[in-house]
Amino acid sequence: MITAYLFIFGLILGSFVNALVWRLRQNKKAKKYSIKSGRSMCPHCQHELAAKDLVPVISWLYLRGKCRYCDKSISWQYPVVELSTAALFVFSYLFWPQPFAGWEWLQLGLWLSILTGLIALAVYDIKYMLLPNKLVFPLIYIAILAVMAATLTQNSPEPLKTATIGAAVGGGIFYLLFQLSDGAWIGGGDVKLGFLLGILVGGPGAALLMLFLASLLGTVFALPQIVTKNVGVKAKIPFGPFLIAAAVAAKLFSSDLIGAYTRAFL
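All of the points below concern the structure found in this document.

1. What about the overall build of the chain?
Counting its regular elements, the chain contains nine helices and zero strands. Radius of gyration (C-alpha) of the chain: 20 Å, near the 18 Å computed for a compact globule of 266 residues. Each principal axis of the C-alpha distribution contributes one length, and for the chain these read about 60 × 50 × 35 Å. For the chain, the residues scored as buried account for 42% of the 266 residues in total. Long-range pairs, those at least 24 residues apart, make up 65% of the contacts in the chain between residues at least 6 apart in sequence. Between the centroid of the 22 positive side chains of the chain and the centroid of its 10 negative side chains there is a distance of 9 Å.

So this is what it looks like as structure tokens:
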């Protein structure tokens, strides 16, 4: 039952992610674009949507990927983000690295809140090649809150220590690359995202694993395009989604992955 509830909740928040990304991009002060008070609308004709148009995935399938009011196509992004968010919610619960006892449920709740924001960041970076501060900074605050909650509930400085080291490794390496290349190798948004994700994964091992996996994923994605000359070697590719995917893997599986590497090579 918990997995079913999490899946449904993930679908709902996935729908919220799609709306959040679109509204942030509008960059207008009009009340109708506010994520707090604006009503859901078609991204093309901006007709206000009815409740029957807002059921995650099902409405998109029923309308065959088109707006009910202007008949223009609605991107595959919407059901894909909704299903991906739902799957990651369930995945996080099933593979949570600590046993669920007492305050660990709070940690899972905070992680799911952060995960929702990270998905929004990934979608925004893919679409617009940008990691907006309006998303990054609130997530940093929630991550710090999660660390402080873990420190208090465990009555140990270890969570604070590992988060500090993780932030220093995750953000520090990116900051060094940013300074050495004057922003040519990596963007400033990736530096801030590195600090955020370093806090989340914690510890030098998990942070280095995250950076390694992100680089590996980025290479696997870019290499075929370079070989086929779809992009040049100097072409800009959004790195945020790879970093976020790597952080999720490091958060849930760092001990298993580091242990497997140690047994195989060390």
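2. Considering the nonpolar core
In terms of nonpolar packing, the biggest core is built from 57 residues, with Leu118, Leu121, Leu193, Leu197, Met210 and Leu243 touching the most fellow members. Elements supplying a minimum of two residues to this core: α1 (2–26), α3 (77–94), α4 (104–128), α5 (133–154), α6 (158–181), α7 (188–201), α8 (204–227) and α9 (240–265). The biggest single contributor to this core is α4, with twelve residues. Dropping the residues within four chain positions of it, Leu118 is found in contact with Leu139, Leu193, Leu196, Leu197, Leu200 and Ile244. Among the nonpolar cores identified, the runner-up in size contains six residues, and Cys42, Leu49, Cys67 and Ile74 belong to it.

3. Some thoughts on the packing of aromatic side chains
Evaluated as defined, the whole model comprises 14 aromatic pairs. When the ring of Phe91 is compared with that of Phe95, the centres are 4.6 Å apart and the planes differ by 50 degrees; the resulting orientation is tilted. With a centroid separation of 5.4 Å and 25 degrees between ring planes, the pair formed by Tyr93 and Phe100 is classed as stacked. Taking the relative accessible area as the measure of exposure, Tyr93 reaches 19% and is therefore buried. Through successive ring pairs, a cluster of aromatic residues spans Tyr93, Trp96, Phe100, Trp105 and Trp111.

4. So, the layout of surface pockets
In this model, the second largest pocket occupies a volume close to 720 Å³. Forming the walls of the second largest pocket are 32 residues, and the residues nearest its centre are Pro97, Gln98, Leu200, Val201 and Lys251. When contributions to the lining of the second largest pocket are tallied by element, the ones reaching two or more residues are α4, α5, α6, α7, α8 and α9. At eight residues, α9 tops the list of elements feeding residues into the lining of the second largest pocket. A per-class count over the lining of the second largest pocket returns 19 nonpolar, nine polar and four charged.

5. Overview of α3
For an α-helix, the turn length of 3.6 residues means that residues three or four places apart are oriented alike. Spanning 18 residues, α3 covers 25 Å between terminal C-alpha atoms, matching the ideal 26 Å at 1.5 Å per step. Buried residues of α3: Gln77, Tyr78, Pro79, Val81, Glu82, Thr85, Ala86, Phe89, Val90, Ser92 and Tyr93, and no others.

6. Let's talk about the pattern of salt bridges
Summed over the entire model, instances satisfying the criterion amount to one salt bridge. Its salt-bridge partner being Asp53, residue Arg68 comes within 2.7 Å of it at the nearest N-O pair. With Arg68 in the loop between α2 (58–62) and α3 and Asp53 in the loop between α1 and α2, this pair connects stretches of sequence that are 15 residues apart. Look at Arg68 and you get partly exposed, because its relative accessible area is 32%. Judged by relative accessible area, Asp53 falls into the buried class, the value being 11%.

7. Details of the packing of α5 against α6
One can describe the packing of α5 onto α6 by two numbers: an axis separation of 7 Å at closest approach and a directional angle of 150 degrees. One way to sum up the angle between α5 and α6 is to call them roughly antiparallel. Contacts between α5 and α6 involve Val147, Met148, Ala150, Thr151 and Gln154 on the former and, on the latter, Pro159, Leu160 and Ala163. A breakdown of the residues in the contact of α5 with α6 according to their chemical character gives six nonpolar, two polar and no charged.

Rules behind the numbers
- Residues numbered from 1 in each chain as written.
- Predicted model: local features only at pLDDT ≥ 70, side-chain atom pairs only at ≥ 80, totals over all residues.
- Heavy atoms only, no water.
- Helix = DSSP H or I, 4+ residues; strand = E, 2+ residues; numbered from the N terminus.
- Rg over C-alpha atoms; globule rule 2.2 N^0.38 Å.
- Buried < 20%, exposed > 50% of the residue type's maximum accessible area, 1.4 Å probe, protein only.
- Contact = heavy atoms within 4.5 Å.
- Lys, Arg positive; Asp, Glu negative; His and termini not counted.
- Charge placed at Lys NZ, Arg CZ, Asp CG, Glu CD.
- Core = buried A, V, L, I, M, F, W, Y, C linked by side-chain atoms within 4.5 Å.
- Phe/Tyr/Trp six-rings, centres within 6.5 Å; stacked < 30°, edge-to-face > 60°.
- 1 Å grid on protein atoms, 1.4 Å probe; cavity = no way out; pocket = protein on both sides within 12 Å on 5 of 7 lines; lining within 4 Å.
- Points joined across faces, edges and corners; volume = space filled by probe spheres on them.
- Nonpolar A, V, L, I, M, F, W, Y, C, P; charged D, E, K, R; others polar.
- Expected span 1.5 Å × (residues − 1).
- Salt bridge = Lys/Arg side-chain N within 4 Å of Asp/Glu carboxyl O.
- Axes fitted to C-alpha atoms, helices over the stretch in contact; angles between N-to-C directions.
- Parallel < 35°, antiparallel > 145°, perpendicular 65-115°, else oblique.

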